[in-house]
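As a plain string of letters, each chain reads:
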Amino acid sequence: MTSVLCLNVAYYEYRAGQRELHCVFVDLEKAYDRVPREELWYCMRKSGVAEKYVRVVQDMYERSRTVVRCAVGQTQEFKVEVGLHQGSALSPFLFAIVMDQLSEEVRQESPWTMMFADDIVICSESREQVGENLERWRFALERRGMKVSRSKTEYMCVNERQGSGTVRLQGEEVKKLGVVISICTLSKNIYNVPLKSA
């Protein structure tokens, strides 16, 4: 919720000040399903999780198997060797540990970088900088097994002065949001929070 508030404050401050604010809303493809197990163990240890708890989680994931149910029945049981358990109360916590470690070298303080579960918002005062930051995030995540969605990642600019600008991800144009919707409806009094420049 703090990240949503920060983004809302930034949006209104830049809008009122007639300054450009460029934001890329990054979506990760099948985020929970793509977490490599070895990466999970590494991130847990790097985050300072006691070894006995790392082993407990490893035991939970060892020899995990599943079936898929559909209208005509269910599939044969098969091994699941990558990703977090669907529906587990522990999975969001484990995913947060992984994302914290994977983004350590590229993450900036809020409001320039904000994470909401498997969605990331990257902001900058220039289109070029937000594009460079997007590429750095893509590289940091994809080299460790995650995948940035090319179809669901979107770009938005507040107070755009040059109307036809785009942001690219590996040469592919990022979809531009045509309509800006207020993120949350809060009292105008909260918008007096000053922001530091990037």
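On a predicted model such as this, the values are computed, not experimentally measured, just so you know. (Residues numbered from 1 in each chain as written. Predicted model: local features only at pLDDT ≥ 70, side-chain atom pairs only at ≥ 80, totals over all residues. Heavy atoms only, no water.)

A word on helix α5 (residues 91–102)
- For α5, spanning 12 residues, the distance from its first C-alpha to its last is 16 Å, which sits close to the expected 16 Å at 1.5 Å a residue.
- Burial in α5 covers these residues: Ser 91, Leu 94, Phe 95, Ile 97, Val 98, Met 99, Gln 101 and Leu 102. (Helix = DSSP H or I, 4+ residues; strand = E, 2+ residues; numbered from the N terminus. Expected span 1.5 Å × (residues − 1). Buried < 20%, exposed > 50% of the residue type's maximum accessible area, 1.4 Å probe, protein only.)

Here's the deal with the side chain of Arg 144
- With respect to the helices, strands and loops of the structure, Arg 144 is situated in the loop between α6 (127–142) and β8 (154–158).
- Discounting residues that sit within four places of it in the chain, Arg 144 has contacts with Pro 36, Glu 39, Tyr 42, Cys 43 and Leu 102. (Contact = heavy atoms within 4.5 Å.)

Re helix α3 (residues 37–46)
- Among the residues making up α3, those that are buried are Arg 37, Glu 39, Leu 40, Trp 41, Cys 43 and Met 44.
- Looking at the packing, one finds that the buried side of α3 touches α4 (51–61) and α5.
- Among the residues trailing α3, Gly 48 stands out with phi positive, at a value near 90°.

Remarks on the sheet that holds β8
- In spatial order, the strands read β6-β7-β1-β8-β11; together these 5 strands make up an open sheet with mixed pairing. Strands at the two margins of the open sheet, each flanked by one partner only, are β6 (113–116) and β11 (175–176).
- By the bridge criterion, 6 bridges tie strand β1 (residues 21–27) to strand β7 (residues 119–124) in an arrangement that is antiparallel. Looking at β7, one finds that Asp 27 is bridged to Asp 119.
- Against the sheet, α6 contacts β1, β6, β7 and β8, and its axis sits at roughly 145° relative to β7. (Pairing = 2+ DSSP bridges. Axes fitted to C-alpha atoms, helices over the stretch in contact; angles between N-to-C directions.)

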